[in-house]
Every structure is written in C-alpha cells, then in structure tokens.
Amino acid sequence: MSWTDQNELMRLGKKILDATGTNTPSEKSMISQLASSTGVAYNVARDAYVKSVLDPLLQEKVRNSMKWLIDANFIPEFVDAEVPSVHLDEFTEPFDPASIKPDGIQIPKRMFNIDTGNLEYWPSGQYVILSHCWKGQEISYPFISKIKESQKKRELYEMVQDDSDEEARRFARFQAKKFKHLEAGKSDIQLLGAQCTKDIQVQVQKIEKVLSRSGTNFSTRELLAQLAEFKDASWGDIGARDSRNAKRKELEKGKKDVGFDDSEIPNEIMQENNELSKGLTQAEEDLSQSEERLRQAEQRLERATENCEVMNQNPALRSAIEDLLPVLERKKSMNKIEGSIREAKRILDSGLFPSNGRKRYLWNDTCCINKGDANELTESLAMMGQWYNNADFCLVHLDTPSSAEWLSTWDHLEKPAELPNFRNFSDVLQPKWASRGWTLQELVLSKMAFYVNSLWQPLSRSVEGLGPYYYHCSYLNQHIRDRDIFNVPPEAKTILQDPLRLRELMDTGAKIAYISYPGCPEKSRRLIGILEFLGVHFPGDMDDDNCSAHIRNTISLAAYEVESRLKGGDPAAQRLGTLFTALGFDMTSIIAQAITLIKLLIRALIGDCRGAINSDRKRVSEFTNVPPSECCRGLSRPTHPAHDILSLASYRECTVPIDRVYSLMGVLGVKFAAFHAEGPTKALCRLLDEVVVTTNDVSIFNWAGKDLGSPIRGRSLYPSTLTAFSPERTESYFTAKRNDVLARASKEKRYGLQDTASRLALLLRRTIDFVKRTAHKDVPIDLTRSVLEFIKKTSLNDLRAQLMNLGKLLVYLEDPAGFEKYNSKTPCRIEGDCAESVVGENKKAQSVGNIASRFGIKTPQMPQMPQISTPKLKVGGFPGLYGKKNAPKEPEPTTESPTTAPISQPPVITVQGHIGHKTLVDEINDWISANPDIENVPDKFKDLFENLQAPNLDGISVGRQKPKTIKTPLSDSMICLNPIMLTTSGIEGVFDIQRVIITMQNPEVLRYQVQSAVNESQKISGECTISTALSSITISFSCAAGVLGKQLDVCDVVQRALFEVESEKGASDSTQTRPPLAPGQENTSYYGKLASLSSGFMRQGSQATAPVDNEDTKQSTQDKDTPSNAFGETEEQRRVCQMLDFVQETNLNLIVGEWVLARFTGTEGAKWFLCQLELGSTHSYYGRRIATDDIDFKNVVPESGLVGHWENYMRNKKTELCRIVNVLIQGRVARNLADEVAGPKKENGKPAEMKSEIDDDSENEGSNGKKKLMDFIVKRGTLMGAEIVQTVTDMWGERLDGMLSDTILQQVPKGLRAAITNLNENEDLLPAMFLSGVKVHMF
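Predicted, not measured: the structure shown is a model, and the values here were computed from it. (Residues numbered from 1 in each chain as written. Predicted model: local features only at pLDDT ≥ 70, side-chain atom pairs only at ≥ 80, totals over all residues. Heavy atoms only, no water.)

What to know about the overall build of the chain
In step 1: Broken down by element type, the chain carries 45 helices and 19 strands.
In step 2: Among the 1339 residues that make up the chain, the fraction classed as buried is 49%.
In step 3: Considering only contacts within the chain whose residues lie at least 6 apart along the sequence, 77% involve residues at least 24 apart. (Helix = DSSP H or I, 4+ residues; strand = E, 2+ residues; numbered from the N terminus. Buried < 20%, exposed > 50% of the residue type's maximum accessible area, 1.4 Å probe, protein only. Contact = heavy atoms within 4.5 Å.)

Rendered as structure tokens:
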C-alpha cells in the first residue's frame, strides 16, 4: 500500500471515528509510540498501524452501520440455495451456437475423404486426425500434386494419340507409357499406391543394371541390408561418442563439486549414505560403460564399413542403393495413409460418432499441408491446435521407428508383416510416439484417442465404446448433479441401476437400438442408446465457457422434441410412451418429466463410466508422462501452469529443431506467425511473450540452467532453450546432490537432537508428575538432584545413547523401596563394637535422620530452606519471644550454598564400632555423581537395570509435523495479478526483492577470468553461495564479465563489513561474561522473577544453589541499547545477527548495485531468481537476471550461527525443565526438614513429642516451661512455613511449566525467534525479509 493510499485511509478512518464518537489519540502519537516501543522505523510502524489498528476499527464500524441499515429497512428472507427448480430448465430459451463462437469452428482446408479416398479442398463434415511419428521421406502434398499432374498428362497424351500427325501420335504413345500406371478413374489413394510401386520397380531396375555391369554377385536385399547396417552403426557411433563426452564432462564436474569440507556432514551420513561418493563412483562406472559402448560401436562401424566395401568401390552402385531408401520410405508412408483411412472408416462405421449424413474426412499433417507455401504453412502452424480440438477423435499410430524399417518394407512389399510391436494396450511401454514434439499437442488437445499398433491393429480399450461421452463426461458431471434431479419415481432409479432390468426395458416390445462395442460395459452402451432414442446429442464444441448453456439447451430441445413426438400416433410415439410408463412417470407434465429422465440417465451413465475414464487417463499418462487431467482435455482449460507444459516439451524431439517451439502454440493457447529462419531462441522468446500477454502466467520464469540464459537483449528473464524447464537436465548432478546431502545432514542432526529432547522432555515431565503426586517423604531427594545435575551437564548428543538407562533410572526414583532387594551390599563395620546414644534432642534428630536416609536425604543439624528462602516467621500473639528486652533475636533465613557453613550444633558423641550399611539409593547416587556416563552399568547394578522397565518413548513425533496441504490448481495460482508490461527493451513488472549475501567460490580465479576477458560481454561461469542470513545454498551461475567484476568488488566490501568488523568486535567483547540482550528483550528470564515475589515468601536475587548450564539468565540488568548483532556465545552466533541486520535493509537505494533475489509479487509458486539491481533513468530500478542453477529454498543449509542459537535453545529448554523439577523438589525438602524438627507424626497429624511438651509445660510454670513453649511455637511455625513453601513452589512450578516455551524463546534474539521456531517445527527457511511491490524494468 502506497503512502498516498495510507494517508487517504487514515483520513477516512479519522472522520468515521470522529463521527461515531470514538476517542482516539492522534495518528502521529500512536505511530511514534508504536515505533519507540518496538524499536522499528517510523514507516514500518505506520504500516503496522494501518493494518492492525485502523483497518479493524473501520471494518467494525462499517459492519455495525450495515447491520443497522439492514435492520432498519427490511427483514431478510433466507432461501435454501440447494433446492433446485425445474422451471429453470423447462423454460430455457434456445440459443444460437454462433453467438458463442462468432469465428465459427475452424477445420483444415484440405483433407482425405474417407469414403472416396480423394484429397478434397475446403471440406465440410466430421473429421478425425492422424497422430504418428515422421519417418524420413514422407508423402507430401507436392508429391500428390505431381501425381495428379502426371495423370492429367496421361489423359492429354491419350487424346493426342487420336491426332492426324503421326509424329505427334508416336510421341504421345511414348510419353503415355511413362504414366501407364496412373489409370483414369482411380482415387488419389490408389494413384499414390500405384506411383510408390512404380518408383520401387524403376529403382530396382537401375540397381540390377548396375550390378550386371559390375559383375557383383550380391542381391539387392543384401546390399540394402549392408547399407542399413552401415547407417545404423554410424548413428550408433555418433550417439555413443556424444554420450561418452557428456559422461566425461559430468565426471570432471563431479570431482570438482565433491571437494567440500566433510566436517560439515555428520559421520553417520558420510559412512552410511554418502551419496556424493556413491554418485561419483557411479559416474565413473557410467563413463567406463560409455567408453565400452563407444568401443563396441567403433568395432561395429568398422565391420559395417568392411561389408560395404563393394559399394564403396562402385559409386554408381552405392548411389543407386542410396536412392532406393527414400523410395522405400514413401512406400512405408503410403501404407500409413491406407491403414489410417481403413481404421478411421472402421471406427466411424461402428456408429460411435454419428455422422448424420455429413461427409467423413481424415487429416494427415504430412500430406494435407502445402509446406511449399509459406503463408499456408504459417497459418497451419497457428491453427493446428484448433483443428485438433474440433476433430471427433485422434487416431494414434504407435509404430517403432528403426533402421530395419527399410528391410521390413522391402520384405513385405507384397505380404504384410506378421509380428506387431504391441498386441494389447496394456503392453504399451515407452513408445517412440510419446517422445515426439508434435504428438504432445495431438494428445492433449484431442477429445479422444484410438490407438493402433505397427500393423494397424486396434489396441482396444473399454472406454472407446463411450464415443463422444468420453469427453462430455467431465462437463456433465459438473453441471448435472444428484441434487438437480427431483420427483424421480423410485422404480426408475432401480431399473436404470440394474443391468438385467435395463435389458428387459429396452428389449421388450419394440426394441430400443444401441451400439454394442467390444470391451465396453453393456450398461453404459444401453444408457447411451436410450439417450440417443430421446434425441439427446451434445455438441462436440463444448468448452468451459459454453458447456452450461449447451447442456441446458440440448436437454431442453430434447424434452420439447419428446413432447411433440408423444403427440403423434406412430409406433415410435407409442414406444416412447411405454418407456416413460415403464419407468414410473405419470405423463402429466411431459417436458418436466423428460428433463428429469434425461438427467437421471446422464447421472447413471456418469456413475458407470467415470471410474473407467479416470483409469484410462492414468494408463495413458504412464507411457506419455503427461498428467492424467491433461490427456485428451480437448477444449477444456489447462489444469497445469505453462511451466509444466514447457517441461513436458523439453524432453521431446522434433525433426526440425524450431518445431519444438511452434508445436506448443496450440497447447499454450497462443498464436503468432512462424518464421523458421529466426531460430529456436528467438522463436521461444516470441512464444513466451505471447503467453505473458495472453495469460499473465509467470510460471514461465521458473526455469534454471547457468548456461541457458537468453542472449536476446531485453529478455534476460527468458531461457534460450526449452531444456531450461527441466532442471534435472540443466544443473550438474553433483551440484544438486551436494546441496541435498548438506541439507539432509543438517536435518538429520537437528532431528536427532529434537528426538532426544522430545524423549527427555517426556521423562522429565513424568518426573514432575511423580513429584507432584507423591508424598514429600517418599521422594528420594539426593538421587533426584544427582540425576537432574547429570542431565544438565550432559549434552543432548551424549544423552541420546543414554536415554534408555536414564528412563529406567527415573522409573526407579518412583519406587526405590520396591527395588531394595537388588541391593547386594553386605553390612559393614564402621570401627568399634558399639555406639552410644546421643542425649537430649540430638538423639531424636539422629533417629529422624536415619529414617530420612532411606530416601537419600542428608538431614542437616538445623532446619534450613534450601534454594528457596525460608519465610520470616512472625509469631503474632507472643510478642515476648522476640520483642522484649533480652529476648533472642528473630532468626534470619539463610540460603544453602556450597560455601554456606552449617550452624553449629551440640556435638554428637559416638563410640566406634557402629554396625550399618548403605542403601541402594545411596549406592546409585554415588555412581551417578561420580560417573558422567550411565550407558555402561556397573555389574552390581545390572540385575536392577535388567528388571527395570523403561518408559515407552517410541513413535514420538519430532517437532510439529507439517500439515498436508491441499494442492490448488496451479493454473489459477500462477497467474500474476499485477500488470506485466512487455516492450522491445525489456519486461517491467512488480517484484519482491530479497537482499542476500553473496560469497564467491574461488574469487581469485574469477577475478583473473574477468581481467582476461576479451570484452565485458564475454560469459564467465562460476559458483557462489547465496545466504539469506538464516540459510545458504551453493549454485552455479553464468554472467557477463562486466557484471561479474562489479559483483566481485561488492562481495569484497560486504565481507569486510560483516566479518572483519565482527571479528574485531568479538575480540573486544571477549572479556564479557555475558553478551547483552537484544533490544526489547526482557532483563531476566521468568525464573529470575522468582526472586521478585514479596520477601515474606522469597528473597531478592537468585535462590538456586544447584549449578546450571546457562548462567546468563542470572544477570538482572542489561544495556537495552546494545544492538542485536552483539548477542551470541560464539563468533558465528554473533555473526548471524550481524548478517540479519544487513539483509533487513529497507532502503532500496542502498541495495542497488548488488546481486539480489527477486520474484514476482503476489503470485503463489513464483520462484526466486538471482538478478543484478541497478538504479534506472527512465524507471526507478533496472534489473538483469543472472542465469543460475535451480534455487530451491526447500533444500538449503541453515547458517551455522543460527544452528548454534537453536542448539542453545534446545539446551536451555532442557535446563529449564530441570529447574522446574528442582523448584518442586525444594518444597519437599522443606517439608522433610520441618518434620525432622517437629518429630515423627502420630495421630491426627500432631507430633507426639510436641504434645508431651505442651503437657509438661502445663505442670511447670517456671523458666523451663517458657523455653519449652518457645520451642513448641518455633516447631509449629516451621511446619506452617514449610507447608506454605511447598504450596508456593508447586504453584510456581506449574506457572513456569506453562510459560516454558515463551521463557526459552525470550533468551533468543528477536530477529531469530521466527527462524528458531521454524527450525524447531521442521519448517522451511524461506526468504521472508524481502521488500515487496518494487517496480523493476528487467532487461
């Protein structure tokens, strides 16, 4: 949206808001406040304000206003749109088809009459087309014209024979003998056959005459076989040599491409599935095989040359044999014409395509176009697509061209061959016909196709019996639905669905005729027979625009015709009435019921044949590689973008190279004058120009190939050849495979870490649930802490192999007492024979400690609240305890830390000789604390671990799985909504511009090539890495020397700006213990907020005593003005933020002169391409596309700095989960310590000792009683405080758990958060920081 539009929208919004009484601050204050709070530029904040603030307000006000207007004036009446009305069809007025197609139906100007065999001019009637492979010297229109002229000459000479002049009669008789085979009254087909036979006889006589003179004993067939073998060997030698050279070039390129750093790929990928090395080995094997084939081809050629020694020594003989080849090719072509007419006549005679008295024709492109007339040839090439559209069907001849055809034709001059190439349609596999250029539009634009093998035997399919309904079925299915049929007698549906009752209906009384076609279901043919009996004949020129009108008109006309026929008294009228009566119709409203019956028949036919049609299209797609929806689509709109059609054509061949372009005019729906002298490159430019002008389809710009850029000025957006639309044929196998392997290696590494993190998170959450639901005394505190400490200090890579034992260990934590039987430790003597008891309260504390030691709790001498501050216990009601003079001071809560000294306690007097033993919990705790690896279990714990059942962690989804997207028709999504202007100087459009960082591979070599270039226009090829700051991809490119020289200078400047400055900055900041946070980032993590609660529960500052992996979160103050590029632990992590700031430049004038990525704005599916952006004079910006390999951002490698941030993100997530467990543990520790102070619980939860002290205190009122009362209050307060601490820690743990993802994401720089999320959710790192809507003139 432009600034002018934004200002107008804001003024309008202000007026509406003022009129409605909405109080809003000024726009400038809102935008300024938004910009300052988010740290973005003013224009960015302005866009956000318009889109997110003003637009919703305007929409709400307009919605309320419209609601008020509707409610005030009328009450809407809702109608069910699904309820149909028969009156729409009953009263449909007929229309003139010429009004839909004012240009009429275009048909060829010259075709063969199937019935007479003559070539007629300006025919009128139904016709079919022949699709075949050209084979050398085909029969052409000039050849036919010459034969007709010869026949006329024969007639003239016969007339001269009656002349009185003897010399004239003699000359006429002599000349008439030459045309004796062209008898009068023969059809054109017969004349062609006679001429081909005569030519062979004449040529054989010449050969025999030469043989008789030379004295050679070889026969004509032997010499023909020798020459055919020599030509086939020559072609094989050329093909093998070209293949060898291509393989050698590919291997050399592969060796160069494989030379990247193997450290970028995990060892698992390198060892188990190193496809680059496999591909290189395969390329070497392919080269060896191609060299072997070349050697065999050379040996074959040598043998063929030796066999042709006789012809080589006798030039006249060789020339005679050479002249025989085109004669045999014309004979083969003649057989093709005869076979096509014969087969077309057979199909039309079957009645599938009613002629209704019209003439029937066949069109053959080889002899029905006068290629000698440039105007006719140009017109035919442009109109050929429409000719295919309007034909009834296409007859496809699946022949297999080979060098042996000359011998085959010679051997079967009199008797046809007996072995066809295909016997059934299911046997068809990769025919030569499917690799030709012209056959693509013949297959796509035809409405239906019939296939025959090399002997013109039909390859029958079941759908052939549908006739024109093969094409009409898709339109009928769209416009005649089940909900459009109502008031149908139940009996009618039953009869039409049952083949037996349908047969009884049609065969009872006067039969309703139908056509029985071999292989076609009888039910379908009978339904078509009833439709024809009712007079339903849908026109063949239906398309997407007029099909609805044609269908309604056809049904209405048939219904009116039924009504008029029923009024007659002939037997046909009675049979028609019987049909309606038998189906249950009451004959009250004839037209309505006739319409209902016709629709019911059509729906039954669609249900019976739709599946067979779809299966047939898929079968044809298998050996043609054409999408099923494009096979025989006729006049329907294409369902695929132009790029897909161009890609299909890139694999096909034509005898004339430029015909590869001209053969696409009909498929792409464009027309332009053909001019063969212009060359394929210029012709392709004109074709693509017409596609852009006609459809605005920008998929034609999705091409690739570093050497395939168009050399035509102003058309750098176009390729030079159709091969560019098949990237797998343009880019090096090893370049693509390298990118694929690197991208897959990065994904494998991330997936491994994600899988480990997901499994570990499940284990920790299970532990969290266990701590929450378990009594505080049943939690083994020390062992749990040791496990958490082990998890925190062990990396995710190292944890992957230890997850199984770790899971078992966490299962053991839930019930340590149940596994105490696996403790094989025998009791041990600690020195001495006995132990003395401790007097006073110390005895009770020691006994409590022994109980707690079962759970691994080391009981301190005085109650302390570790990690979380103990609440200050204000004892209200007893002010004398801490408020009076000489009263003891209130004890300050202390924090347990490694350096905190325990408060002194009365000494514990013991005597050596105590007998005791360590519990299994203590043994495992010691092992975990001392061993950084738990994968290898000690022998004394093996029985325990074998009996522990690890949690089931299989089948865990890694990240968020991508939803299955529904693929919309690309023909709509690839149409650009913005205007595209084409001029002779270039193409102007609206583009997205993405700034990138270009790093040249071997820049010294490229600079040397630039300096050594003859001129600035010389093409230079190289490789470069394109980085979007988040991901990178290596591609090959080719551009002019002048363009490359400028970009090399730009690359030097960018590298110095990004890397040298960053390295200096990194050196100066190396003494910092923690990098500053990004702008807008919170000063502390959510866990730091634990210290911000009131002092009654927690004290300020960090309360954690356990060491953590990331101490960065403890810093409470940061410099908010520090740029985001300073964030990161390593130089790569800081560099990626610097690169991110670089590519996010919004001032386009600061980007000009660089290579950038561009694509058409607002078009889904438009690919990014590399181009040079420059300032313009007549336009704001100029661009020039750089020819490159395919830039596929779904196969890129994330920047190492981004991966580092992501690994930190995963590590921090693991650490914070451990902290949540620690927080919950603190409450249990507090309760355990409080219980130790208060003594073991008895009845009703009251400590027994506490009760006795109260009783004693009631009897002794002296100072001793006051002391006991004070001790009782302290113990009671300790219990209350411990319960509060446990409650608070549980609540805070749940809160931290709920904010876990946001908490961890806050520790990532703002600019990287979206990318980190994409990496974590397996999304593609597509360019997203581009400038949209930039108008650029592309040269």
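Quick notes on the side chain of Thr 366
In step 1: For Thr 366, the position within the fold is in the loop between strand E4 (359-363) and helix H14 (374-390).
In step 2: For Thr 366, the side chain forms a polar contact with the side chain of Asn 364, separated by 2.9 Å.
In step 3: Ignoring anything within four residues of it in the chain, the contact list for Thr 366 reads His 132, Trp 134, Glu 138, Ile 139, Ser 140, Tyr 141 and Lys 371. (Polar contact = N/O pair within 3.5 Å; in protein donor to acceptor, adjacent residues only side chain to side chain.)

Notes on the sheet that holds strand E1 (residues 110-113)
In step 1: The sheet built from six strands is open, its strands ordered E2-E1-E4-E3-E5-E6 with mixed pairing. Each end of this open sheet is capped by a strand with a single partner; those strands are strand E2 (119-121) and strand E6 (449-452). Going from strand to strand, the sheet's axes swing by 35° on average, the running direction of each strand aside.
In step 2: Bridge analysis of strand E3 (residues 125-131) against E4 gives five bridges, and the strand direction is parallel. Of the residues in E4, the one forming a bridge with Val 128 is Leu 362. (Pairing = 2+ DSSP bridges. Axes fitted to C-alpha atoms, helices over the stretch in contact; angles between N-to-C directions.)

A short note on the environment of Gly 666
In step 1: Positionally, Gly 666 belongs in helix H26 (residues 665-668).
In step 2: For the pair Gly 666 and Met 383, spaced 283 residues apart in sequence, the C-alpha separation works out to 7.5 Å.
In step 3: Those residues in contact with Gly 666 that lie beyond four places of it in its chain are Gly 385, Gln 441 and Leu 445.

Considerations on the state of the cysteines
Joining two cysteines, a disulfide is a covalent bond between their sulfur atoms.
In step 1: According to the stated counting rule, one finds zero disulfides in the structure shown.
In step 2: Sulfur of Cys 368: no disulfide; nearest cysteine sulfur belongs to Cys 367 and is 4.6 Å away.
In step 3: Here Cys 1024 stays unpaired: no disulfide links it, and the sulfur of Cys 1051, its closest cysteine neighbor, is 7.8 Å away.
In step 4: Exposure remark for Cys 1024: the relative accessible area of 0% places this residue in the buried category. (Disulfide = S-S within 2.5 Å.)

Observations concerning the packing of aromatic side chains
In step 1: This model, assessed by the stated rule, comprises 26 aromatic pairs.
In step 2: Measuring from centroid to centroid gives 5.9 Å for Phe 701 and Tyr 718, while their planes differ by 15°, and the two rings are stacked. In this pair, Phe 701 sits in the loop between helix H27 (680-695) and helix H28 (727-730) while Tyr 718 sits in the loop between H27 and H28, placing the two residues 17 residues apart along the sequence.
In step 3: Under the relative-accessibility criterion, Phe 701 is labelled buried at 3%. (Phe/Tyr/Trp six-rings, centres within 6.5 Å; stacked < 30°, edge-to-face > 60°.)

Quick look at the pairing of strand E13 (residues 1031-1040)
In step 1: Within E13, ten of the ten residues are buried, which leaves the element mostly enclosed by the surrounding structure.
In step 2: Bridge analysis of strand E12 (residues 1019-1027) against E13 gives nine bridges, and the strand direction is antiparallel. Following the sheet pairing, Glu 1023 is matched in E13 by Ser 1036.
In step 3: Taking the residues that link successive antiparallel strands as the turn, the E12-E13 hairpin has three residues, and the phi of Ala 1029 there is positive, at about 80°.
In step 4: The sheet contact formed by E13 and strand E18 (residues 1197-1198) spans two bridges and is antiparallel. Opposite Ser 1031, over in E18, you have Pro 1198 as the bridge partner.
In step 5: Here E13 runs beside strand E17 (residues 1187-1188); their pairing, made up of two bridges, is antiparallel. Each bridged residue has a counterpart across the sheet, and for Ser 1038 the counterpart in E17 is Ala 1187.

Some thoughts on the pairing of strand E19 (residues 1331-1338)
In step 1: Pairing analysis gives six bridges linking strand E10 (residues 986-995) to E19, with the strands arranged antiparallel. Residue Val 990 lies in a different strand from E19, and its bridge partner there is Lys 1335.
In step 2: Two strands pair when backbone bridges link them, and strand E16 (residues 1181-1185) and E19 are joined in this way by two bridges, in the parallel orientation. Of the residues in E19, the one forming a bridge with Gly 1183 is Met 1338.

Here we look at H27
Three- or four-residue spacings in an α-helix give side chains the same orientation, since the helix completes a turn every 3.6 residues.
In step 1: With 16 residues, H27 should reach 22 Å at 1.5 Å per residue; the first-to-last C-alpha distance of 22 Å fits that figure.
In step 2: All of the buried residues in H27 are Ala 683, Leu 684, Cys 685, Leu 687, Leu 688, Asp 689, Val 691 and Val 692.
In step 3: Against the buried residues of H27 lie helix H24 (642-649), helix H25 (659-662), H26 and strand E9 (981-983).
In step 4: Residue Asn 696 follows H27 closely and has a positive phi angle near 60°. (Expected span 1.5 Å × (residues − 1).)

With respect to the packing of helix H30 (residues 781-793) against helix H32 (residues 803-814)
In step 1: Interaxial distance between H30 and H32 falls to 11 Å at its minimum, and their mutual angle equals 160°. Classified by the angle their axes make, H30 and H32 are roughly antiparallel. The crossing of H30 and H32 is left-handed. Residues Leu 783, Thr 784, Val 787, Phe 790 and Ile 791 of H30 form the contact with H32, whose own contacting residues are Leu 806, Leu 809, Leu 810, Tyr 812 and Leu 813.
In step 2: Here the residues of the contact of H30 with H32 are counted per class, giving nine nonpolar, one polar and no charged. (Parallel < 35°, antiparallel > 145°, perpendicular 65-115°, else oblique. Left-handed = near helix turned anticlockwise from the far one by under 90°. Nonpolar A, V, L, I, M, F, W, Y, C, P; charged D, E, K, R; others polar.)

What to know about the nonpolar core
In step 1: Tyr 451, Leu 534 and Leu 687 are the most contacted members of the largest nonpolar core, which totals 180 residues.
In step 2: If one sorts the elements of this core by residue count, helix H23 (residues 590-624) sits on top with 16 residues.
In step 3: Contact partners of Leu 687, with chain neighbours within four places excluded, come to Leu 646, Val 661, Leu 664, Met 665, Leu 668, Val 670 and Phe 672.
In step 4: Ranked by size, the runner-up nonpolar core spans 68 residues in total, among them Ile 791, Leu 813, Leu 944 and Leu 1058. (Core = buried A, V, L, I, M, F, W, Y, C linked by side-chain atoms within 4.5 Å.)

Some words on the packing of helix H21 (residues 547-566) against helix H22 (residues 571-582)
Packed helices, taken two at a time, are described by the angle between their axes plus the distance between the axes.
In step 1: Where H21 contacts H22, the axes come no closer than 8 Å and their chain directions differ by 120°. Relative to H22, H21 is oriented so that their crossing is left-handed. In this structure, H21 uses Val 562, Arg 565 and Leu 566 to contact H22, whose residues at the interface are Ala 573, Leu 576, Gly 577 and Phe 580.
In step 2: For the contact of H21 with H22, the residue count by class is five nonpolar, one polar and one charged.

Examining the pattern of salt bridges
Pairing between side chains becomes possible if they bear opposite charge and their charged atoms approach one another.
In step 1: All chains considered together, the criterion is met by 46 salt bridges.
In step 2: Here Arg 241 makes a salt bridge to Asp 237, at a shortest N to O gap of 3.4 Å. Placement of both Arg 241 and Asp 237 in helix H9 (residues 220-257) is noted, with a separation of four residues, approximately one turn of the helix.
In step 3: Of the charged contacts, one joins Glu 814 and Arg 766 as a salt bridge, the two residues approaching to 2.8 Å between their closest N and O atoms. Here Arg 766 lies in helix H29 (residues 733-773) and Glu 814 lies in helix H32, a separation of 48 residues in the sequence.
In step 4: Glu 814 sits in the partly exposed class, given a relative accessible area of 23%.
In step 5: One network of salt bridges, with partners in common, ties together Asp 115, Lys 345, Asp 349 and Arg 360. (Salt bridge = Lys/Arg side-chain N within 4 Å of Asp/Glu carboxyl O.)

Description of a negative patch on the surface
In step 1: Together, Asp 162, Asp 163, Asp 165 and Glu 167 make up a region of like negative charge exposed at the surface.
In step 2: In this structure, Glu 167 sits in helix H7 (residues 166-178). (Patch = residues over 30% accessible without salt bridge, like charges linked within 9 Å, V, L, I, M, F, W, Y side chains within 5 Å. Areas by Shrake-Rupley, 256 points an atom, 1.4 Å probe, with all protein chains shown as cover. Lys, Arg positive; Asp, Glu negative; His and termini not counted. Charge placed at Lys NZ, Arg CZ, Asp CG, Glu CD.)

Here we look at unusual backbone geometry
In step 1: Within the chain, Gln 430 stands out as a residue other than glycine whose phi angle is a positive 50°.
In step 2: Assignment of secondary structure puts Gln 430 in the loop between helix H15 (405-411) and helix H16 (438-445).
In step 3: If you check the backbone angles, Ala 1029 has positive phi at about 80° while not being a glycine.
In step 4: Structurally, Ala 1029 is set in the loop between E12 and E13.

Comments concerning a positive patch on the surface
In step 1: A contiguous patch of positive charge, built from Arg 713, Lys 1019, Lys 1046 and Arg 1184, is present on the exposed surface.
In step 2: Along the chain, Lys 1019 falls in strand E12.

Digging into the confidence of the model for the chain
In step 1: On average, residues of the chain carry a pLDDT of 76, and 69% of them reach 70 or more.
In step 2: Note on residues 81-87: pLDDT is under 50 here. Beyond four places in sequence and across chains, it has seven contacts.
In step 3: Contacts from residues 1241-1260, a stretch scored under 50 in pLDDT, to residues over four places away or in other chains number 24 contacts. (pLDDT = per-residue confidence, 0-100.)

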